[in-house]
Amino acid sequence: MVTDALRRWIAQTSPTRRPGRVGLVLHTSWVCLAQDELQRLAGLPFFWLVPDNVLFELGLLCRSQIFGRKAQLLLDLLERNLRQYPGRRPLWDLEQIYDTCRSRKGPAALFDGTLVFLFGDLNKQEEFLRHVSGFENHFLVVVSGWNCASDTSRVYPIREAARLFFRRPEPLQAGEAAPPIRELSLVRDALTGQALFAGSALHPTNLQGSYGSLYECDLLRGKYIKIYHQKAMTGPQCEKLRWLQALSPQLGRLPVAVPERLLGADLPLGRDGAVIGYVMRRCRGQALRDYWLTGWDGHDPEAIFRQLTLLLLELHNLHIIVNDLSGNNILVDDDDRVSVVDCDSFQLLHYPGGAVTELYRHPEISPLHVRETLREPRHEAFAFAVLLFQCLFYDSPLRQRLSAEDDDEPGWANASFPLDVKTPPDCRANEDILRMWESQPEELRRLFADEFHFRGDHSLGAWIRALDL
């Protein structure tokens, strides 16, 4: 329990070294803690400090069917703490203390006392540790595992915690060869062994991706069946699929095409339990990228962005990063309902996600090691910024006049973002984009410029604030 860890920390510190005023930094991932634990935290004699972007994330998360009650409880407890411990609490965003931020804030700008940070998600905890310096005399409640409600916790000085790693990636394998689906006489439920259908009973659709194709089946109406391209998944990739299926009761409340049943077959493979595909809900709508061509006529882009942002926040607190957050994998229907597909490429717990569409891939992510490395939340936030730019400006953030000898499609390796908060006179941007850019609020231009010039990271909360979601 994190509250017990904080009490032990105070009790075990000698009276002469005991901290005076303690500021406990609240984060959105506290919704992963149990409600009674949050109540106990509120009973400690600490000032609660909430970054401004976290406040906006919690405000939107109050709409969640999964986390809404705890998000509202946190806001209520925060209000109570503000009354109990009045004092100056400056406006700041959590990522402003990262080393990557050009307008970085140190601890003295945040609080006149000892700071204690706490995260309910290992992805954010480890991102924080990898990108913060200058907080050596402050502390972190280190959560040892993904289940912060039951895993052990201990208070560490940040300088000591920075040497620790708690996310241990399970490298994914490419899978083993399997016959074409039409040649399989029987497809079974991979967990129960129940016979489901013959491969010949599947009807192809025109939907396919890099790793699999979608089918329909008369025996499973209202569902899609994803079959991998003559591959059967084994090892960690198979384990990740089983975890996704196990989470389906929670994920089923969200508009995501999560695996509902894993599919196996009698194959000449070296390992039992191989998965050749899965059954998922049928999400309807057009790919988000289609709207960059047709525009938003008859649609409410603000409502669409709000739904997408809320969904990403909910997934974060289920310890999921949408690995390939691209215009292909987000669907919008005629009623502006948003859903996310390609869920088997999610980064879940310590299982990596795999390949990322190039334009959305942060330059820190090596395309050669995507199956064996874990992303940080800020990498998804970068992809979100690219996606949002495309939605607002109907084109890539790298759209510019390339040199005549450069025939390649612009990417982060061969091109740079041509715009800035104050556009330079020699800007090489597309004229239509430049005109739209200069009409945007300065705050929105600043967020885009920080992300694409790599001078600062911004979480979803900053975008919620800038877009007034």
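These lines cover the structure that appears in this document, whether it is placed above or below.

The rules behind the values
- Residues numbered from 1 in each chain as written.
- Predicted model: local features only at pLDDT ≥ 70, side-chain atom pairs only at ≥ 80, totals over all residues.
- Heavy atoms only, no water.
- Salt bridge = Lys/Arg side-chain N within 4 Å of Asp/Glu carboxyl O.
- Helix = DSSP H or I, 4+ residues; strand = E, 2+ residues; numbered from the N terminus.
- Buried < 20%, exposed > 50% of the residue type's maximum accessible area, 1.4 Å probe, protein only.
- Pairing = 2+ DSSP bridges.
- Contact = heavy atoms within 4.5 Å.
- Axes fitted to C-alpha atoms, helices over the stretch in contact; angles between N-to-C directions.
- Disulfide = S-S within 2.5 Å.
- Polar contact = N/O pair within 3.5 Å; in protein donor to acceptor, adjacent residues only side chain to side chain.
- Phe/Tyr/Trp six-rings, centres within 6.5 Å; stacked < 30°, edge-to-face > 60°.
- Lys NZ or Arg CZ within 6 Å of the ring centre and 35° of its normal.
- Core = buried A, V, L, I, M, F, W, Y, C linked by side-chain atoms within 4.5 Å.
- Parallel < 35°, antiparallel > 145°, perpendicular 65-115°, else oblique.
- Nonpolar A, V, L, I, M, F, W, Y, C, P; charged D, E, K, R; others polar.

### Let's talk about the pattern of salt bridges
Where side chains of opposite charge bring their charged atoms close, a pairing between them can arise.
Piece 1. Considering all chains together, one arrives at 25 salt bridges under this definition.
Piece 2. A salt bridge links Lys124 to Glu95, with the shortest nitrogen-to-oxygen separation between them at 2.7 Å. With Lys124 in helix α5 (residues 122-131) and Glu95 in the loop between α4 (68-84) and β3 (114-118), this residue pair connects regions lying 29 residues apart in the sequence. Neither residue differs from the other here; Lys124 and Glu95 are each classed as buried.
Piece 3. Two residues, Glu127 and Lys124, come together in a salt bridge whose shortest N-O distance is 2.7 Å. Residue Glu127 and its partner Lys124 are located together in helix α5, separated by three residues, close to a single helical turn. In this structure, Glu127 and Lys124 share a single accessibility class: buried.
Piece 4. The network of salt bridges with common partners includes Asp52, Asp93, Asp420, Glu443, Arg446, Asp450, Arg455 and Arg465.

### A short note on the sheet that holds strand β18 (residues 338-340)
Piece 1. In space, the three strands of this open sheet follow the order β15-β17-β18, with antiparallel pairing throughout. Both outer strands of the open sheet, β15 (286-287) and β18, are each paired with one neighbouring strand and no more.
Piece 2. The sheet contacts of helix α10 (residues 301-316) involve β17 (330-332) and β18, and relative to β18 the element is tilted by about 40°.

### Observations concerning the sheet that holds strand β11 (residues 223-228)
Piece 1. Here we have seven strands laid out as an open sheet, ordered β8-β7-β13-β14-β11-β10-β9, and antiparallel in their pairing. Each end of this open sheet is capped by a strand with a single partner; those strands are β8 (195-197) and β9 (202-208). For this sheet, the mean inter-axis angle between neighbouring strands, taken without regard to orientation, is 35°.
Piece 2. Judged from the five bridges that link them, β11 and strand β14 (residues 277-281) form a sheet pairing that is antiparallel. Considered in β14, the bridge of Lys223 is made with Arg281.
Piece 3. Across the sheet, helix α7 (residues 235-246) is in contact with β11, β13 (259-265) and β14; its angle to β13 comes to roughly 140°.

### Comments concerning the state of the cysteines
Piece 1. Following the criterion strictly, the structure yields zero disulfides and no others.
Piece 2. Cys62 takes part in no disulfide bond, and the closest cysteine sulfur, belonging to Cys32, lies 15 Å away.
Piece 3. On the basis of relative accessible area, Cys62 is assigned to the partly exposed category, the value being 24%.
Piece 4. A disulfide-free cysteine, Cys391 has its sulfur positioned 18 Å from the sulfur of Cys283, the nearest such atom.
Piece 5. Here Cys391 falls in the buried class, since its relative accessible area comes to 2%.

### Observations regarding the side chain of Glu126
Piece 1. Relative to the assigned elements, Glu126 resides in helix α5.
Piece 2. Overall, the relative accessible area of 6% leaves Glu126 in the buried class.
Piece 3. Among the polar contacts listed, one links the side chain of Glu126 to the backbone nitrogen of Phe166, at a separation of 2.9 Å.
Piece 4. Glu126 has contacts with Phe165, Phe166 and Arg167, leaving out every residue within four places of it along the chain.

### Observations concerning the environment of Ile433
Piece 1. Residue placement: Ile433 occurs in helix α12 (residues 431-438).
Piece 2. C-alpha of Ile433 to C-alpha of Glu37: the two residues are 396 residues apart in sequence and 49 Å apart in space.
Piece 3. Discounting residues that sit within four places of it in the chain, Ile433 has contacts with Phe389, Phe393, Asp395, Ser396, Arg399 and Leu419.

### Quick notes on the packing of aromatic side chains
Piece 1. For the coordinates displayed, the defined rule picks out 27 aromatic pairs.
Piece 2. With 5.1 Å between their ring centres and 50° between their planes, Phe119 and Phe128 make a pair best called tilted. The residues Phe119 and Phe128 share a single accessibility class, namely buried.
Piece 3. An aromatic cluster is built from Phe382, Phe384, Phe389, Phe393, Trp412, Phe417, Trp437, Phe448, Phe452, Phe454 and Trp463, whose rings are joined through pairwise contacts.
Piece 4. Over the aromatic face of Phe165 sits the side chain of Arg130, whose NZ or CZ is 4.2 Å from the ring centroid.
Piece 5. One cation-aromatic arrangement involves Arg154 over Tyr156; the distance from NZ or CZ to the ring centre is 4.5 Å.

### Remarks on the nonpolar core
Piece 1. Leu6, Trp30, Leu41, Trp48, Leu251 and Val256 are the most contacted members of the largest nonpolar core, which has 117 residues in total.
Piece 2. Among the elements that take part in this core, helix α11 (residues 377-393) stands out by supplying 10 residues, more than any other.
Piece 3. Each residue touching Val256, except ones within four places of it in the same chain, is listed here: Leu251, Arg281, Cys283, Leu311, Leu315, Val340, Cys343 and Phe346.

### Looking at the packing of helix α2 (residues 35-42) against α4
Piece 1. Where α2 meets α4, the closest approach of the two axes is 11 Å, and the angle between their N-to-C directions is 10°. The pairing of α2 with α4 is recorded here as roughly parallel in orientation. Together, Gln35, Leu38, Gln39 and Ala42 of α2 and Arg69, Lys70, Leu73, Leu74, Leu77 and Arg80 of α4 make up the contact between the two elements.
Piece 2. Classifying every residue of the contact of α2 with α4 gives five nonpolar, two polar and three charged.

### A look at the packing of helix α3 (residues 52-61) against helix α14 (residues 460-467)
Piece 1. Contact pair α3 / α14: the axes reach a minimum separation of 7 Å and the direction vectors enclose 75°. In terms of orientation, α3 and α14 fall into the roughly perpendicular class. Contacts from Asp52, Asn53, Phe56, Glu57 and Leu60 in α3 reach Leu460, Gly461, Ala462, Ile464 and Arg465 in α14.
Piece 2. Its residues placed into classes, the contact of α3 with α14 shows five nonpolar, two polar and three charged.

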